[in-house]
Amino acid sequence: HRKRTNNSSGNFLNVFFSAQEESINATAIETSRKIAHNLYPPILEKFGLNEAIQEIVEEFNTSKQINIKYKSEVDLSNLEKDNQLHIFRIMQELINNSIKHGKASEINILFKNENNNNVISYQDNGVGLIKEKFNKNKGLGFINIESRINAINGTYSIDFTNLKGFNKTIYF
């Protein structure tokens, strides 16, 4: 709260605090804009899920950090916008996990249709997962993936038989 004064420095203080408030408001607006931008990426809004996934794949491939192969045999444009966002965020999290935790150098992502269900096949060549360890200690990122899969009324399976690499299939 601003303290009012009756002396000559009062006007200066009012102007000073007013400028500070404007700066704080501008910062808050900019922060809100960035949050909204990150919540629903413009490329997803403008071009749809397929193009948005292609863009993140290209960004990672350009970084030379990892080689990602992506193919979609499914028309993703007819999905609800919320579902497109959930799938986009799932892909981001899976890729980040493959790099950070799996130490993968290659990822293969395929969107296809099986028995009238959309399917995402996700595979990397990283260190893989041990089922018992995974079930005891799921990280926040994976819990987030699970909640997003539930939000699109999907299910998933993880292939734990291969100790090398990570294989996840998502049905929606």
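First, a word on what this report is: a plain description of the structure on this page. (Residues numbered from 1 in each chain as written. Predicted model: local features only at pLDDT ≥ 70, side-chain atom pairs only at ≥ 80, totals over all residues. Heavy atoms only, no water.)

This part covers the nonpolar core. One finds Met91, Ile95, Ile109 and Phe111 to be the most contacted residues of the largest nonpolar core, which totals 39 residues. Taken together, the elements giving at least two residues each to this core come down to helix H2 (42–47), helix H3 (49–62), strand E1 (67–72), helix H4 (81–100), strand E2 (106–114), strand E3 (117–124), helix H6 (140–151) and strand E5 (166–171). No other element matches the 8 residues that H4 contributes to this core. The residues contacting Ile109, other than those within four sequence positions of it, are Ile68, Lys69, Tyr70, Lys71, Met91, Ile95, Ile120, Ser121 and Tyr122. (Core = buried A, V, L, I, M, F, W, Y, C linked by side-chain atoms within 4.5 Å. Buried < 20%, exposed > 50% of the residue type's maximum accessible area, 1.4 Å probe, protein only. Helix = DSSP H or I, 4+ residues; strand = E, 2+ residues; numbered from the N terminus. Contact = heavy atoms within 4.5 Å.)

Given two aromatic rings, their pairing is described by the distance between the two centres and the angle made by the two planes. In the structure shown here, the tally under the stated rule is 5 aromatic pairs. On the basis of an interplanar angle of 50 degrees and a centroid distance of 5.7 Å, the ring pair of Phe134 and Phe160 is categorised as tilted. A residue pair is termed long-range when its members are at least 10 positions apart, and Phe134 in helix H5 (residues 131–136) and Phe160 in the loop between strand E4 (155–158) and E5 qualify at 26 residues. Each member of the pair Phe134 and Phe160 is classed as buried. Members of the aromatic cluster, each reached through a chain of ring pairs, are Phe134, Phe142, Tyr156 and Phe160. (Phe/Tyr/Trp six-rings, centres within 6.5 Å; stacked < 30°, edge-to-face > 60°.)

It is worth spelling out a negative patch on the surface at this point. On the surface, a cluster of negative charge is made up of Glu51, Glu55, Glu58 and Glu59. In this fold, Glu59 is placed in helix H3. Classification of Glu59 as partly exposed rests on a relative accessible area of 48%. (Patch = residues over 30% accessible without salt bridge, like charges linked within 9 Å, V, L, I, M, F, W, Y side chains within 5 Å. Areas by Shrake-Rupley, 256 points an atom, 1.4 Å probe, with all protein chains shown as cover. Salt bridge = Lys/Arg side-chain N within 4 Å of Asp/Glu carboxyl O. Lys, Arg positive; Asp, Glu negative; His and termini not counted. Charge placed at Lys NZ, Arg CZ, Asp CG, Glu CD.)

An ideal rise of 1.5 Å per residue puts 20 Å on 14 residues; H3 measures up with 20 Å between its terminal C-alpha atoms. Residues of H3 that are buried include every one of Leu49, Ala52, Ile53, Ile56, Val57 and Phe60, and no others. Down the axis of H3, the sector holding all buried residues measures 135 degrees, keeping them to one side. Among the exposed residues of H3, those oriented more than 90 degrees off its buried face are Glu58 and Thr62. Structurally, H3 contributes buried residues whose contacts are with H2, E1, H4 and E2. (Expected span 1.5 Å × (residues − 1). Arc of directions from axis to C-beta.)

Now for the environment of Asn97. Classification of Asn97 as buried rests on a relative accessible area of 19%. Along the sequence, Asn97 and Gly141 sit 44 residues apart, while their C-alpha atoms lie 8.0 Å from each other. Apart from the residues within four sequence positions on either side, Asn97 is in contact with Gly102 and Ile145.

If you trace the 5 strands from one edge of the open sheet to the other, you get E1-E2-E3-E5-E4, paired in mixed fashion. Among the strands making up the open sheet, the edge pair consists of E1 and E4. Put simply, the sheet's adjacent strands are angled 15 degrees from each other on average, direction ignored. Both E3 and E5 contribute to a ladder of 6 bridges, which runs antiparallel. In the sheet register, Gln123 faces E5, and the bridge partner there is Asn167. (Pairing = 2+ DSSP bridges. Axes fitted to C-alpha atoms, helices over the stretch in contact; angles between N-to-C directions.)

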